Amino acid sequence: MSAIIPKVTHISPRIIRILGCNPGPMTLQGTNTYLIGTGKRRLLFDAGERGNKEYISQLIQVLKQNNASLEKIIISHWHHDHIGGLEDVLKCSQEDIPSVHKFPRNDAEDDPLPDVVELQSLTHQQELEVEGATVRVHHTPGHTTDHVILELPEEGAVFSGDCILGEGTAVFEDLHSYMGSLKVILELQPKVIYPGHGPVIEDPIERIKHYIDHRNQRESQILEVLMKSPKKFLTAMELVKIIYKFVSQCNRSTLNSLCNLEDHIRRSFERKQITVAVLFGIEKAHDTTWRETAVHPCTSSLHDSLFPKLPLLVMPLASIIPFSASEEEPARQIDGEGRNSVEKLDILQEGLRIQ
């Protein structure tokens, strides 16, 4: 069990960590926010959650004790435990309203912000300065599309947001992007990592390599289970029960494990290590539980004729690759990062396509 994180910690002469006071299964002991700089006008990395009076009280106290105010606020990503408290934080400002900076999302619109905020878009490798500190922004998608980390060259430090946690492993939306982001952080060769949740990481290189190895191991486990399974096909939930033995049925950990596993499968599919002749399988119900739906009777026999030596996994098609019922629509890339489109295959007479 990790040591208790104090509400306020002076980590270095230019960094003060202020705990978000919002403990939970996904936030661990709470969201770590960081006050950066040495002068009267400082930078705050992340703003905690909305309506957390305990956090705001701690932030106000720290600012008063250091005779400081906020010049800039940088948001690591759109999750509410990182941006939700922004309006409350802005109300703390005794002088000019600080500028607010965030990398734009490419999967959805950002939630509306207070009228007084003019959100400034971050760019990859942009540098922002306050007295006593210069931070460099690195776009690190995967956990979310807009996720960024901060590099503090003066200390050889990285503020990792939710890309790397102080304990355990992180969840992600896209494994391919996430693995790339881990490699970006590894290339920075940080001496220390200040995570968005959990304690300071004093062995950053070892931890990053562990994250990368852990994900590669999960992918290998999936392939091994699929190849050795005596069953004709496996559903994603069946794989979760085999590979993530520590989770119970239909709790949040199961759903997170399922989402992570789907990304591993997508990555294996893109590398042509498995086949996903997949049309019907597990779908998410409105009550956030997962249910298994019927497999089309043609799927198994069609798969055997197309891919007799490869395992068949039943997954929701849209969660693996984009598809279209239109024969006129040209093949698209799987995503916008230059990965090659997969050759189209006729799967059913209805005209659904794997692209």
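Since this is a predicted model, take the numbers as computed values, not measurements.

Caption draft 1: Spatial organisation of the confidence of the model for the protein. Taken as a whole, the protein shows an average pLDDT of 76; of its residues, 65% reach a score of 70 or greater. Confidence drops under a pLDDT of 50 for residues 247–255, and excluding neighbours within four residues, the segment shows 15 contacts in the predicted structure. Scored below 50 in pLDDT, residues 274–300 shows 74 contacts in the model against residues more than four places distant or in partner chains.

Caption draft 2: Main features of the pairing of strand β12 (residues 192–195). Residues of β12 alternate between two faces, with V192 and Y194 on one and I193 and P195 on the opposite face, all of them buried. Two strands pair when backbone bridges link them, and strand β11 (residues 157–161) and β12 are joined in this way by four bridges, in the parallel orientation. Its bridge partner lying in β12, F159 is registered against Y194. Between the parallel elements β11 and β12, the chain passes through helix α4 (residues 175–188) in a crossover that is right-handed.

Caption draft 3: Quick look at the sheet that holds strand β1 (residues 8–12). Taken together, the seven strands give an open sheet; going across it, the order is β1-β2-β3-β4-β5-β6-β7, and neighbouring strands pair in mixed fashion. Single-partner strands in this sheet number two, and they are β1 and β7 (120–121). As defined by bridge partners, β1 adjoins strand β2 (residues 15–19) across four bridges and the pair is classed as antiparallel. If you follow T9 over to β2, its bridge partner there is R17. Strand contacts of helix α1 (residues 53–65): β1, β2, β3 (32–36), β4 (41–45) and β5 (69–75), with the helix running at about 155 degrees to β2, the strand carrying the most contacts.

Caption draft 4: Here's a closer look at the side chain of H138. Locating H138 in the fold gives a position in strand β9 (residues 133–139). Engagement of the side chain of H138 in a polar contact is seen with the side chain of E151, the distance being 2.8 Å. Setting aside chain neighbours within four positions, we find H138 in contact with H124, Q125, H147, V148, I149, E151, V184 and L188.

Caption draft 5: Highlighting the sheet that holds strand β8 (residues 127–130). If you trace the five strands from one edge of the open sheet to the other, you get β8-β9-β10-β11-β12, paired in mixed fashion. Two strands close off the open sheet at either side, each with one partner strand: β8 and β12. The mean inter-strand angle of the sheet, taken between neighbouring strand axes irrespective of direction, is 25 degrees.

Caption draft 6: Inspection of the side chain of H147 at higher detail. Here H147 is to be found in the loop between β9 and β10 (148–152). The exposure class of H147 is buried, given its relative accessible area of 0%. In this structure the side chain of H147 is engaged in a polar contact, spanning 2.9 Å, whose partner is the backbone nitrogen of D162. Apart from residues no more than four positions distant in its own chain, H147 is found in contact with S76, H77, H138, H139, T140, P141, S160, G161, D162 and C163.

Rules used in this analysis
Residues numbered from 1 in each chain as written. Predicted model: local features only at pLDDT ≥ 70, side-chain atom pairs only at ≥ 80, totals over all residues. Heavy atoms only, no water. pLDDT = per-residue confidence, 0-100. Contact = heavy atoms within 4.5 Å. Buried < 20%, exposed > 50% of the residue type's maximum accessible area, 1.4 Å probe, protein only. Helix = DSSP H or I, 4+ residues; strand = E, 2+ residues; numbered from the N terminus. Pairing = 2+ DSSP bridges. Right-handed = clockwise from strand over helix to strand, strands pointing away. Axes fitted to C-alpha atoms, helices over the stretch in contact; angles between N-to-C directions. Polar contact = N/O pair within 3.5 Å; in protein donor to acceptor, adjacent residues only side chain to side chain.

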